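Remarks on the overall topology
These are the residues of each chain, in order.
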Amino acid sequence: MILQAYYLALPFPIEKAPTKRIASVNGGVKISELLKYPVRGLVFEGGDTLEDLSNVVSDACICLQNNNIPFNVLISDCGKQVYLLPQVN
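Since the model is a prediction, treat every value here as computed from it, not as a measurement. (Residues numbered from 1 in each chain as written. Predicted model: local features only at pLDDT ≥ 70, side-chain atom pairs only at ≥ 80, totals over all residues. Heavy atoms only, no water.)

Description of the overall build of the protein chain
Secondary structure assignment for the protein chain yields one helix and five strands. What you see in the protein chain, going N to C, is helices and strands ordered as β-β-β-α-β-β. A total of 89 residues make up the protein chain; the buried ones form 26% of that total. Taking contacts inside the protein chain between residues at least 6 apart in sequence as the whole, the part at least 24 apart equals 33%. If you sum the accessible surface of the protein chain, you get close to 6,600 Å²; carbon and sulfur atoms cover 55% of it. (Helix = DSSP H or I, 4+ residues; strand = E, 2+ residues; numbered from the N terminus. Buried < 20%, exposed > 50% of the residue type's maximum accessible area, 1.4 Å probe, protein only. Contact = heavy atoms within 4.5 Å. Areas by Shrake-Rupley, 256 points an atom, 1.4 Å probe, with all protein chains shown as cover.)

Take a look at the structure:
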């Protein structure tokens, strides 16, 4: 696994993409899908605590890893939004 960190003072274009909520889970974490964006992806946000958000995101990442699906994670808004981008052929 390769981890990289990058800070940019301006928002990425993905942060401006429209989304559609598809679920609310553990502790109020909202899961949305990206719309009108060149790659498929999910957006995780909210939750009663940061731990609620991180648990939901990590469960999704573990599921992708267990199915040998590579992915990218983008954390934005000081950790309040997490973008999960599966690399599906």
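Next comes the rest of the account.
Things to note about the nonpolar core
Ranked by size, the top nonpolar core spans eleven residues in total: V29, I31, F44, L53, V56, V57, A60, C61, L64, V82 and L84. When residues of this core are traced back to their parent elements, those giving at least two are β2 (29-34), α1 (50-66) and β5 (81-86). If one sorts the elements of this core by residue count, α1 sits on top with six residues. Listed in part, the seven residues of the second largest apolar core include I14, A17, L74 and Y83. (Core = buried A, V, L, I, M, F, W, Y, C linked by side-chain atoms within 4.5 Å.)

Overview of unusual backbone geometry
Negative phi values dominate among residues other than glycine, just as trans dominates among peptide bonds. You will see that D77, though not glycine, has its phi angle at about 55 degrees, which is positive. Structurally, the position occupied by D77 is in the loop between β4 (71-76) and β5. Judged by its relative accessible area of 45%, D77 falls in the partly exposed class. Positioned with a positive phi, C78 is a non-glycine residue whose angle comes to about 55 degrees. By secondary structure assignment, the location of C78 is in the loop between β4 and β5. In this structure C78 comes out as exposed when scored by relative accessible area, which is 81%.

Here we look at the environment of P11
For P11, the location among the structural elements is in the segment before β1 (19-25). For the pair P11 and D77, spaced 66 residues apart in sequence, the C-alpha to C-alpha distance is 9.0 Å.

Considerations on the pairing of β1
The sheet contact formed by β1 and β2 spans six bridges and is antiparallel. When the sheet's bridge partners are listed, K20 is paired in β2 with E33. Hairpin connection, β1 to β2: the antiparallel pair is bridged by three residues, and G27 has positive phi, about 65 degrees. (Pairing = 2+ DSSP bridges.)

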